[in-house]
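Next come the chains, spelled out residue by residue.
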Amino acid sequence: QVQLVESGGGLVQAGGSLRLSCAASGRTFSSYAMGWFRQAPGKEREFVAAISRSGGSTSYADSVKGRFTISRDNAKNTVYLQMNSLKPEDTAVYYCAAGGWGNAQSEYDYWGQGTQVTVSS
């Protein structure tokens, strides 16, 4: 069992930056690939980024490639999402997830409750 708690969301102007964190409970954090997903109002939840168990491989949605960076610290049981050059269309609730590798929600077994990111124009 893994419990995930996101933090770091907030209100930021377009062009600004935010860093999201996701703290995981349990001693098996390094056994899981980690992902970030987001859900905007009225839209389905979508993949943002993923990182392998060791952190050696990453994957990004085309919409965030070059602007967002996913990383993890297995000693701290934490995964991060650095978001730069934010756009109003990045406004969403951001969720972290733990599970298998990939961009499909079905690959992930555990989910956090989400943190709101709002980007003003």
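Keep in mind it's a predicted model, so treat the numbers as computed, not measured.

Conventions used here
- Residues numbered from 1 in each chain as written.
- Predicted model: local features only at pLDDT ≥ 70, side-chain atom pairs only at ≥ 80, totals over all residues.
- Heavy atoms only, no water.
- Helix = DSSP H or I, 4+ residues; strand = E, 2+ residues; numbered from the N terminus.
- Phe/Tyr/Trp six-rings, centres within 6.5 Å; stacked < 30°, edge-to-face > 60°.
- Buried < 20%, exposed > 50% of the residue type's maximum accessible area, 1.4 Å probe, protein only.
- Salt bridge = Lys/Arg side-chain N within 4 Å of Asp/Glu carboxyl O.
- Core = buried A, V, L, I, M, F, W, Y, C linked by side-chain atoms within 4.5 Å.
- Contact = heavy atoms within 4.5 Å.

1. A few points about unusual backbone geometry
Alright, step 1. Its identity is not glycine, yet N77 carries a phi of approximately 55 degrees, on the positive side.
Alright, step 2. Its place among the elements puts N77 in the loop between β7 (68-73) and β8 (78-83).
Alright, step 3. Of note in the backbone geometry, S85 takes a positive phi value of approximately 50 degrees without being a glycine.
Alright, step 4. Mapped onto the elements, S85 comes out in the loop between β8 and β9 (92-99).

2. Comments concerning the packing of aromatic side chains
Geometry of an aromatic ring pair is reported as the spacing of the ring centres plus the angle between the planes.
Alright, step 1. If you walk through the whole model with that rule in mind, you get 5 aromatic pairs.
Alright, step 2. Taken together, a centroid distance of 5.8 Å and an interplanar angle of 90 degrees make the contact between Y32 and Y110 edge-to-face. In this pair, Y32 is assigned in the loop between β3 (18-24) and β4 (33-39) and Y110 in strand β10 (residues 108-111), connecting sequence segments 78 residues apart.
Alright, step 3. On the accessibility criterion, Y32 (16% relative accessible area) is buried.
Alright, step 4. With 5.0 Å between their ring centres and 55 degrees between their planes, F37 and W111 make a pair best called tilted. Residue F37 is found in strand β4, and its partner W111 is found in strand β10; the two are separated by 74 residues along the sequence.
Alright, step 5. Here the aromatic cluster, defined as three or more aromatic residues joined through ring pairs, consists of F37, F47, Y108 and W111.

3. What about the pattern of salt bridges?
Side-chain pairs of opposite charge can arise whenever the charged atoms involved come near each other.
Alright, step 1. Tallied over the entire structure, the rule returns 4 salt bridges.
Alright, step 2. A salt bridge links K65 to D62; the shortest N-O distance between them is 3.2 Å.
Alright, step 3. Note that D90 and R67 form a salt bridge whose closest N and O atoms lie 2.8 Å from each other. With D90 in the loop between β8 and β9 and R67 in the loop between β6 (58-60) and β7, this pair connects stretches of sequence that are 23 residues apart.
Alright, step 4. R67 gets classed as buried once you look at its relative accessible area, which sits at 11%.
Alright, step 5. Salt bridges here are not isolated pairs; linked through shared partners, they connect R38, E46, R67 and D90.

4. Focus: the nonpolar core
Alright, step 1. Core analysis: the biggest nonpolar cluster contains 33 residues, and M34, W36, L81, M83 and Y94 have the highest contact counts within it.
Alright, step 2. For this core, the secondary-structure elements that each account for two or more residues are β3, β4, β5 (46-51), β7, β8, β9 and β11 (115-120).
Alright, step 3. If sequence neighbours within four positions are ignored, M83 has contacts with G16, S17, L18, L20, R67, F68, Y94 and V117.

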